[in-house]
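Analysis of the macromolecular model
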Amino acid sequence: MAFGMEINTGNADAGTVRGTQREVACQCWFTKSGMITPLMIKVQDEDGEIRVIRQITVHSREKKMYAGVPSIEFDCTLTVLKQAISAKLIYYQTENRWVLNFR
C-alpha cells in the first residue's frame, strides 16, 4: 500500500503571514538567472516619515505560497540606527509588491 509521502509538497500553501507587516518600496538587483537581491528599502514609520534602510543582510531566501499567492521570502537582518532587527522581506510575485514582516 502506498501513502504518497512528500508528493506535491513543492507548492504547499504556507497559510497566512504572521506578525506585523508594513508595505515597503524595495530597490533590488535581478541576476541573469532571475535571482533577486534586495539592495535598499523605504518604509513609512509611525510618525509618517519615510525611512531608508540600506544595510540589509539576507540570510536565506525561499519560494512560498501565502493564501495561494506565490511569493519569495527573504530572512534578513536590517541595521537601523546601529541596531540589528530581524525581519522577513516578502515579495508577492503576482502583485509586484513588497512587505516587511517583523517577528
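This section reports on the structure supplied with the text. These figures come from a predicted structure and were not determined experimentally.

**A look at unusual backbone geometry**
- Look at Leu 81: it is not a glycine, yet its phi comes out positive at around 50°.
- Inspection of the secondary structure assignment puts Leu 81 in the loop between strand S5 (69-80) and strand S6 (83-92).
- Backbone geometry at Lys 82 places phi at a positive 65°, although glycine is not the residue there.
- For Lys 82, the position within the fold is in the loop between S5 and S6.
- Exposure remark for Lys 82: the relative accessible area of 84% places this residue in the exposed category.

**Overview of the pattern of salt bridges**
- Within this structure, the stated rule accounts for 7 salt bridges.
- In this structure, the salt-bridge partner of Arg 22 is Glu 46, at a minimum N-O distance of 2.8 Å. Highlighted residues: Arg 22 in strand S1 (residues 20-30) and Glu 46 in the loop between strand S2 (36-44) and strand S3 (50-53), separated in sequence by 24 residues.
- Overall, Arg 22 belongs to the partly exposed group, its relative accessible area being 26%.
- Take Glu 46: its relative accessible area is 67%, and that puts it in the exposed class.
- Put simply, Glu 73 and Lys 64 hold a salt bridge, and the shortest N to O gap is 3.4 Å.
- For Glu 73, a relative accessible area of 6% puts it in the buried group.
- Overlapping salt bridges bring together Glu 23, Glu 95 and Arg 97 as one network.

Analysis parameters
Residues numbered from 1 in each chain as written. Predicted model: local features only at pLDDT ≥ 70, side-chain atom pairs only at ≥ 80, totals over all residues. Heavy atoms only, no water. Helix = DSSP H or I, 4+ residues; strand = E, 2+ residues; numbered from the N terminus. Buried < 20%, exposed > 50% of the residue type's maximum accessible area, 1.4 Å probe, protein only. Salt bridge = Lys/Arg side-chain N within 4 Å of Asp/Glu carboxyl O.

Nothing here speaks to function; it is geometry throughout.
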